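# Chain and residue survey
If you want the building blocks of each chain, they are given just below.
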Amino acid sequence: VQLQAFGGGLVQAGGSLRLSCVASSRPSNSASLGWFRQAPGKEREFVATIRRSGGATYYADAVKGRFTISKDAAKNTMYLRMNNLRPEDTAVYYCASTYGPTSTYWNVSMYSGWGQGTLVTVSS
């Protein structure tokens, strides 16, 4: 199952965006869905994840309090609401899924189903 991210764009610092992530087909029983981002010249980094069962969420310190991850199981869709955006949030945002345990939620290598990301550009 491949996951595709949508909803990126250009926004001024302090603004908001909502990203969506849609599965190409009915998703398998993966444990969690996650958002990652990759800025130019940098490695892909963890942003947020949500457990399929129970809905527990985890966030990177850099986005905690500003970003909110959520899901709509009926629509096979996951969201990332981003508020108070900063120039350092500029990156291509990707979504993926993992079968891994909660202890590995931050680990990009535990995720699969990467599709094309969506570019978020925050101007100062």
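Look up: the structure comes first, before these words.
Residue indices follow the written sequence of each chain, beginning from 1 at its first position. pLDDT decides what is reported in this predicted model: residues at 70 or higher carry local features, side-chain atom pairs at 80 or more are listed and counted, and totals for whole chains, interfaces and linings draw on all residues regardless. By convention in this description, side-chain values take in all heavy atoms of the structure and omit both hydrogens and water.

## Concerning the state of the cysteines
We call a pair of cysteine sulfur atoms a disulfide when they lie within 2.5 Å. One pass over the full model with this rule turns up one disulfide. A sulfur-sulfur separation of 2.1 Å characterises the disulfide bridge that pairs cysteine 21 with cysteine 95. Every disulfide takes its handedness from the sign of the S-S torsion; for cysteine 21 and cysteine 95 that torsion is 85°, giving right-handed. Within this pair, whereas cysteine 21 is found in strand β3 (residues 17–23), its partner cysteine 95 is found in strand β9 (residues 91–98), the two being separated by 74 residues in sequence. Partly exposed residues are those whose accessible area sits between 20% and 50% of the maximum for their type, while under 20% is buried and over 50% is exposed, using a 1.4 Å probe and protein chains only. For cysteine 21, a relative accessible area of 3% puts it in the buried group. Secondary structure counts use DSSP, requiring at least four H or I residues in a row for a helix and at least two E residues in a row for a strand, with both numbered from the N terminus.

## Here's the deal with the sheet that holds strand β8 (residues 77–82)
Being paired, for any two strands, means DSSP has found at least two bridges between them. One open sheet holds the four strands; their spatial order is β1-β3-β8-β7, and the pairing between them is antiparallel. One side of each edge strand has no neighbouring strand; the edge strands of this open sheet are β1 (3–6) and β7 (67–72). Here the strands of the sheet are splayed against their neighbours by 20° on average, with no regard to which way each runs. As judged from the six bridges shared by β7 and β8, these two strands associate in the antiparallel manner. Bridge pairing in β8 places lysine 71 opposite methionine 78. Simply put, an axis is a line fit to the C-alpha atoms, just over the touching stretch for a helix, and the angle between two N-to-C directions goes from 0 to 180 degrees.

Everything listed here is a matter of geometry and, on its own, says nothing about what the molecule does.
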